[in-house]
Amino acid sequence: MNKLLSIFRDPELAVKLSKKLSDYEGEKVNIMEVCGTHTMCISRYGIRSMLPESINLISGPGCPVCVTPVYFINSAIELSEEKDIIITTFGDLMKVPGSKSSLLKEKAKGSDIRIVYSPLDAIKIAEENTNKKVVFLSVGFETTTPVTALTVLKAKEGGLKNFFVLSANKTMPSALKALALDEEVGVQGYLYPGHVSAIIGTKVYEDLALNYGICGVVTGFEPIDILHGILTLVSNINKKNKIVVNEYSRVVTDKGNEEAVKITDQVFWPCDSVWRGIGNLPQSGLNMREEFKEYDAWKVFNLNPSHKEENSGCLCGEILKGRKKPSDCKLYGKNCVPENPVGACMVSSEGTCAAYYRYGGGDK
Amino acid sequence: MCLALPGKIIKIEDKTGVVEIMGVTREVSLELIRNYQIGDYVLIHAGCAIQKIDEEEAEKTIELFKELKEIGNE
Ligand code: SF4
């Protein structure tokens, strides 16, 4: 299998593909790569620089850290200040700026904030610290949410009384629809996120293709995957084909992972949700169901954050919508760098600003 | 944080598996997938296997690339 997978990095094939793409002479097309990991790969392999000007790659809102609203970070910090609390979080959230501080700064001041690789690890921490309340900061899209849902089910099964989840999980399809219908963005095709699709399948994207003419390709994360995906998209956009093509069938099926979807549905239900920099998008988030309210940190700790977003001069919102590039931001690379980010897009390695900063935008 | 990596199942104990990811072994939960066995490749994210990797499908995609390679050679 490993040998098989190495073909997806074959340099000879990459050269052929990029040659084919650079020979493109058709009309200008706007393609959005939705997923943060795609954004990172595209920057790392310099894929933008292989494309002619007429193929415009826009980085989308698919980095969960980048779209986590300020109020979530503020609430997490507020919680971390309470007595006998252990905050557990994915490492990417540590540097995300809230209104006044970040989790990293609070940890330096002495709050008990621990990085976990999996929410399941947070359960272990709760079991080992029964005199403390352990809160897991749950962000993420369809790829991550089933793991959190599984964790909540396990906590309930094990009768854990000191484990809680502060959730801000988001879902992709309605956000993608809102962006696709935004004329200022002008997306004609999506490179769909491979690992979100591994869970939700490809059928969900058919509405956008059939009813709105936005075609799509589901693709993996190796350079050949991405280059081939772009080629397929460009060709379908030009032919005005209303289709979704699955080029990541080694992992993605039509229906996705039904088991994971079922577990997610057991614990969460859809709600409107605020995306950092973008605003409220209907039915694009998840709340915990009433039956799990004793695990829902929003309810247990009675948190009522202000949803007002501050204006720091950060253009993340415009960048996440593909209307601006990082280099359009006055703070980029000056006041805002990965070590000291102003906006969330500079924090996670999957964030558009961070990927550009690290690998260069690769624009011509 | 959405990073997911392929790993090979080398041990199964109840619903927990030991997988090998790029030469490193680690424990993962197998509760989000069905019909797995030792030797299967799975995609791992946040401590869970989230999907099986289908070798036949990988080969089919490679065929797709190869067609292109041949066109390029014409
Ligand atoms: S460079 Fe920093 S401040 Fe500017 S848009 Fe990106 S994250 Fe926001």
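Residues numbered from 1 in each chain as written. Chains lettered and ligands numbered in written order. Predicted model: local features only at pLDDT ≥ 70, side-chain atom pairs only at ≥ 80, totals over all residues. Heavy atoms only, no water.

This paragraph deals with the overall build of chain A. When helices and strands are counted, chain A shows 16 helices and eleven strands. Overall, the C-alpha framework of chain A stretches about 65 × 45 × 40 Å when taken along its three principal axes. Residues classed as buried in chain A amount to 60% of the 364 residues present. For chain A, long-range pairs separated by at least 24 residues make up 77% of all intrachain contacts whose partners lie at least 6 apart in sequence. Accessible area for chain A stands at about 14,700 Å²; split by element, carbon and sulfur atoms hold 49% of it. (Helix = DSSP H or I, 4+ residues; strand = E, 2+ residues; numbered from the N terminus. Buried < 20%, exposed > 50% of the residue type's maximum accessible area, 1.4 Å probe, protein only. Contact = heavy atoms within 4.5 Å. Areas by Shrake-Rupley, 256 points an atom, 1.4 Å probe, with all protein chains shown as cover.)

Roughly 720 Å³ of volume is contained in the largest pocket. For the lining of the largest pocket, a count of residues per class yields 16 nonpolar, six polar and six charged. (1 Å grid on protein atoms, 1.4 Å probe; cavity = no way out; pocket = protein on both sides within 12 Å on 5 of 7 lines; lining within 4 Å. Points joined across faces, edges and corners; volume = space filled by probe spheres on them. Nonpolar A, V, L, I, M, F, W, Y, C, P; charged D, E, K, R; others polar.)

Another aspect to go through is a negative patch on the surface. A cluster of like negative charges, contributed by D54, E55, E56 and E59 of chain B, occupies part of the molecular surface. Following the sequence through the fold, E56 of chain B ends up in helix 1 (residues 55-73). (Patch = residues over 30% accessible without salt bridge, like charges linked within 9 Å, V, L, I, M, F, W, Y side chains within 5 Å. Salt bridge = Lys/Arg side-chain N within 4 Å of Asp/Glu carboxyl O. Lys, Arg positive; Asp, Glu negative; His and termini not counted. Charge placed at Lys NZ, Arg CZ, Asp CG, Glu CD.)

Glancing now at the packing of helix 3 (residues 36-44) of chain A against helix 16 (residues 352-359) of chain A. Residue and element names in this part refer to chain A. At a minimum axis distance of 9 Å, the contact between helix 3 and helix 16 shows a crossing angle of 15°. Comparing the axis directions of helix 3 and helix 16 gives the class roughly parallel. The element helix 3 and its partner helix 16 pack so that their crossing is right-handed. From helix 3, T39, M40, S43 and R44 reach across to helix 16, where they touch T352, A355, Y356 and Y359. (Axes fitted to C-alpha atoms, helices over the stretch in contact; angles between N-to-C directions. Parallel < 35°, antiparallel > 145°, perpendicular 65-115°, else oblique. Left-handed = near helix turned anticlockwise from the far one by under 90°.)

Residues and elements named next belong to chain A. For the structure on display, the rule yields 22 salt bridges over all chains. Across the pair E290 and K299 runs a salt bridge, and its minimum N-O distance is 3.4 Å. Three or more residues joined by partner-sharing salt bridges are found here, namely D182, E184, E318 and R323.

Topologically, N129 of chain A is positioned in the loop between helix 7 (119-128) and strand 5 (133-138). On the accessibility criterion, N129 of chain A (16% relative accessible area) is buried.

Nothing here speaks to function; it is all geometry.
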